[in-house]
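# Survey of secondary and tertiary structure
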Amino acid sequence: MTSVHSEPHDVSGGRPAPPPLWERSEEDLRAHTAEVLHRARARSTALTEAVDDDDLVRQHSKLMSPLVWDLAHIGSQEEIWLVRDVGGREPLRPDIDDLYDAFQHPRATRPELPLLGPSEARGYVAQVRSKALDVLERTTLSGDALTGTGFAFGMIAQHEQQHDETMLATHQLRRGDPVLRAPEPPRPATGDLPDEVVVPAGPFAMGTSVEPWALDNERPVHEVFVAGFALDTTPVTNAAFAAFADDGGYRDSRWWSAEGWAYRSAHDIVAPRFWRREGDRWWRRRFGVDEPVPDDEPVMHVSYYEAEAFARWAGRRLPTEAEWEKAARFDPATGRSRRYPWGDGEPEPRHANLGQRHLRPAPVGAYPDGASPLGVHQLIGDVWEWTSSDFRPYPGFAAFPYREYSEVFFGPEHKVLRGGSFGSDPVAVRGTFRNWDYPIRRQIFAGFRCARDLTAAETAAGV
Ligand SMILES: [Fe+2]
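Model, not experiment: these values are computed from the prediction. (Residues numbered from 1 in each chain as written. Predicted model: local features only at pLDDT ≥ 70, side-chain atom pairs only at ≥ 80, totals over all residues.)

## Brief notes about the overall build of the protein
Scanning the protein from terminus to terminus reveals ten helices and 14 strands. Taken over C-alpha atoms, the radius of gyration comes to 22 Å for the protein, in line with the 23 Å a tight globule of 463 residues would show. C-alpha extents for the protein along the principal axes are approximately 65 × 55 × 40 Å. Among the 463 residues that make up the protein, the fraction classed as buried is 45%. In the protein, once contacts between residues fewer than 6 apart in sequence are set aside, the share between residues at least 24 apart is 79%. (Helix = DSSP H or I, 4+ residues; strand = E, 2+ residues; numbered from the N terminus. Rg over C-alpha atoms; globule rule 2.2 N^0.38 Å. Buried ≥ 20, exposed ≤ 12 C-beta atoms within 10 Å, placed from the backbone. Contact = placed C-beta atoms within 7 Å.)

In structure tokens form, the structure reads like this:
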């Protein structure tokens, strides 16, 4: 579409950020790519060395793979894409391709496979990495779609970080003493924030055609008209969600969709996953630690159905993903869409709770530097946010580099989540990034915020 506002390259506010990838020299881009791959591996190593070998091969939940499967799968994908496809090298372990093909083996059955053991898996991923870095050294990063601006390397770094978030979810499901440690997130620096922010009616540029490491489902940029709406300034907190539970929200079918009510009833769900009632207050288990549920953190471990029921109880609704993205990226001063709520610079620790630096969401209001131009806080990081949208292709979508990346998941069975969580790395989160999952999912680090239509009076007043 030609009427779409161009996407920005400028950097707004704060210290100057490094130039975007597409403006860097080949040497600088290569160094950056190697650093992002190293960061992913450091995280995979930390998550797999935190437990002993028995723990690595055990299945902690039918919902998850044994950690040792994730580790070797990371290596297998890196071998297939970087060593064989980009590098044109001989396969290292073609015999294990099938074992680590996520489409061939559902998570529940993976422990029965003849998987590589912990030390074999560690040796394999190290061997693949050394070859992949050699391929990176020798590859021109201005070539075809796969290697241009280092796309395939960025895709593999994102893939590893996505599995690192999955492995963190496995740690959350694991029984036993705590093995992960991290400092506490920052406390809110500002006073009371308004409850909601009005996002004015009008078109905005959704998706991207220029972000070099954006995945196929984020493309291409296209104009979307969004009617005026109001959005919560911050994600819904534990205190607000507890009020819903304490008000009998889980027992009142009026607030639930038919599918949501059937799911709630079949599993007798009465609170977010990992919560339990003790006396007059809620407690939770978080990475092996039992603690009172903190009032001011975004709620997490709720399914789409629970988010939807809360919103209806509160007289509100979930935002569509177009509404979410407009609130996150639209700059009313310029009419352009930013890469992130705070501007175009890469995420820094002052902007958002990302990268497993903290093992929990930060209290609402803790990241004023990460707010969007319209004043919406914590859109990036802390918790993934459920939207009301099904996962669908954008107009002009083209599968790349393979159909199984996104295309096979399009349809009404998956809901879109946005923004990333404290468990997501900056390389795998953007204003345009789209995650998707089944509406029953609760083990992921997902929460939500609510929206509402403007009233006729607000619309007439041009609020
Ligand atoms: Fe994978």
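## A short note on the sheet that holds strand S10 (residues 384-391)
The four strands lie next to each other as S12-S11-S10-S13, forming an open sheet whose pairing is mixed. Where the open sheet ends on each side, the last strands, each with one partner, are strand S12 (435-437) and strand S13 (446-447). The sheet strands contacting helix H9 (residues 321-329) are S10 and strand S11 (411-418), and the helix crosses S10 at an angle near 135 degrees. (Pairing = 2+ DSSP bridges. Axes fitted to C-alpha atoms, helices over the stretch in contact; angles between N-to-C directions.)

## What about the packing of helix H3 (residues 67-86) against helix H5 (residues 151-173)?
Contact geometry of H3 with H5 gives a least axis separation of 10 Å together with a crossing angle of 175 degrees. With respect to H5, the axis of H3 lies roughly antiparallel. Here Leu67, Asp70, His73, Ile74, Gln77, Glu78, Trp81, Leu82 and Val86 of H3 come into contact with H5, specifically with Ala152, Phe153, Met155, Ile156, His159, Glu160, His163, Thr166, Met167 and Thr170. Here the residues of the contact of H3 with H5 are counted per class, giving ten nonpolar, six polar and three charged. (Parallel < 35°, antiparallel > 145°, perpendicular 65-115°, else oblique. Nonpolar A, V, L, I, M, F, W, Y, C, P; charged D, E, K, R; others polar.)

## Structural notes on the nonpolar core
Counting residues in hydrophobic clusters, the biggest one holds 94 residues, and the most contacted among them are Val68, Ala72, Leu82, Ala152, Ala307, Phe445 and Ala446. Residue assignment places this core across two domains, with domain 1 (21-173) and domain 2 (196-238 + 308-460) each supplying three or more. When sequence neighbours within four positions are dropped, the list of residues in contact with alanine 152 reads Trp81, Leu82, Val86, Leu146 and Thr147. Within the second largest apolar cluster, seven residues are counted, among which are Ala205, Met206, Val224 and Val226. (Core = buried A, V, L, I, M, F, W, Y, C linked by C-beta atoms within 7 Å. Domains from an automatic or database assignment.)

## Concerning the UniProt feature "binding site: Fe cation" (unreviewed entry) in the protein
Annotation from UniProt places "binding site: Fe cation" (unreviewed entry) at His73, His159 and His163. A compact arrangement is adopted by the annotated residues: their sequence extent is 91 residues, whereas the largest C-alpha distance between any two is 10.1 Å. Topologically, histidine 73 is positioned in helix H3. Leaving out residues up to four positions away in the same chain, histidine 73 has contacts with Tyr100, Ala102 and His163. Tracing the backbone shows histidine 163 in helix H5. Excluding residues that lie within four positions of it along the chain, histidine 163 makes contacts with Asp70, His73 and Ile74. (UniProt positions renumbered as here; feature names shortened; annotations may be inferred.)

## So, the domain arrangement of the protein
On domain assignment, one finds that the protein holds domain 1 (21-173) and domain 2 (196-238 + 308-460). On a C-alpha basis, the centres of domain 1 and domain 2 stand 26 Å from each other. Taken together, the 23 residues of domain 1 in the interface contact 14 residues of domain 2. Secondary-structure elements contributing two or more residues to the side of domain 1 that touches domain 2 are helix H1 (26-49) and H5.

## A closer look at the UniProt feature "domain: Sulfatase-modifying factor enzyme-like" (unreviewed entry) in the protein
According to UniProt, the feature "domain: Sulfatase-modifying factor enzyme-like" (unreviewed entry) maps to residues 193-452 in the numbering used here. Secondary structure within residues 193-452 divides into 15% helix and 23% strand; the distance between the first and last C-alpha atoms comes to 18 Å.

## Notes on the sheet that holds strand S1 (residues 196-199)
Pairing within the open sheet is antiparallel, and its three strands lie in the order S1-S4-S14. Since the sheet does not close on itself, it has two edges, and those belong to S1 and strand S14 (451-453), each with one partner. Averaged over all pairs of adjacent strands, the angle between strand axes in this sheet comes to 25 degrees, irrespective of strand direction.

## Regarding unusual backbone geometry
In this structure, the amide linkage connecting arginine 219 to the following residue, proline 220, adopts the cis form with an omega of -10 degrees. Mapping proline 220 onto the fold places it in the loop between strand S2 (202-206) and strand S3 (222-226). With an omega dihedral of -5 degrees, the bond running from phenylalanine 400 to proline 401 counts as a cis peptide bond. The topology assignment puts proline 401 in the loop between S10 and S11. A positive phi is found at histidine 301, a non-glycine position, where the angle reads about 60 degrees. By the element assignment, histidine 301 lies in the loop between strand S7 (289-292) and helix H8 (304-313). Its 22 C-beta neighbours within 10 Å are what place histidine 301 among the buried residues. Positive phi, close to 55 degrees, is recorded for glutamine 378, a residue that is not glycine. Within the secondary structure, glutamine 378 sits in the loop between strand S9 (336-337) and S10.

## A closer look at the pairing of strand S5 (residues 275-278)
Inspection of the sheet shows S5 paired to strand S6 (residues 281-286) by four bridges, in the antiparallel sense. What sits directly across from arginine 276, in S6, is tryptophan 283. Hairpin connection of S5 to S6: two residues between the antiparallel strands, including glycine 279 at a positive phi of 60 degrees.

## As for the pairing of S7
When S6 meets S7, the two strands line up antiparallel, connected through four bridges. When the sheet's bridge partners are listed, arginine 284 is paired in S7 with glutamate 291.

## As for H5
Its 23 residues place the ends of H5 33 Å apart at the C-alpha level, agreeing with the 33 Å of an ideal helix rising 1.5 Å per residue. A large share of H5 lies buried, amounting to 20 of its 23 residues. (Expected span 1.5 Å × (residues − 1).)

## Overview of helix H6 (residues 238-246)
Every buried residue belonging to H6 is among Asn238, Phe241, Ala242 and Phe244, and all of these are buried. Down the axis of H6, the smallest arc covering the buried residues is 155 degrees, so these residues share one side. The inward-facing, buried residues of H6 contact S6 and H8. The positive-phi residue at the C-terminal boundary of H6 is glycine 248, with phi of around 85 degrees. (Arc of directions from axis to C-beta.)

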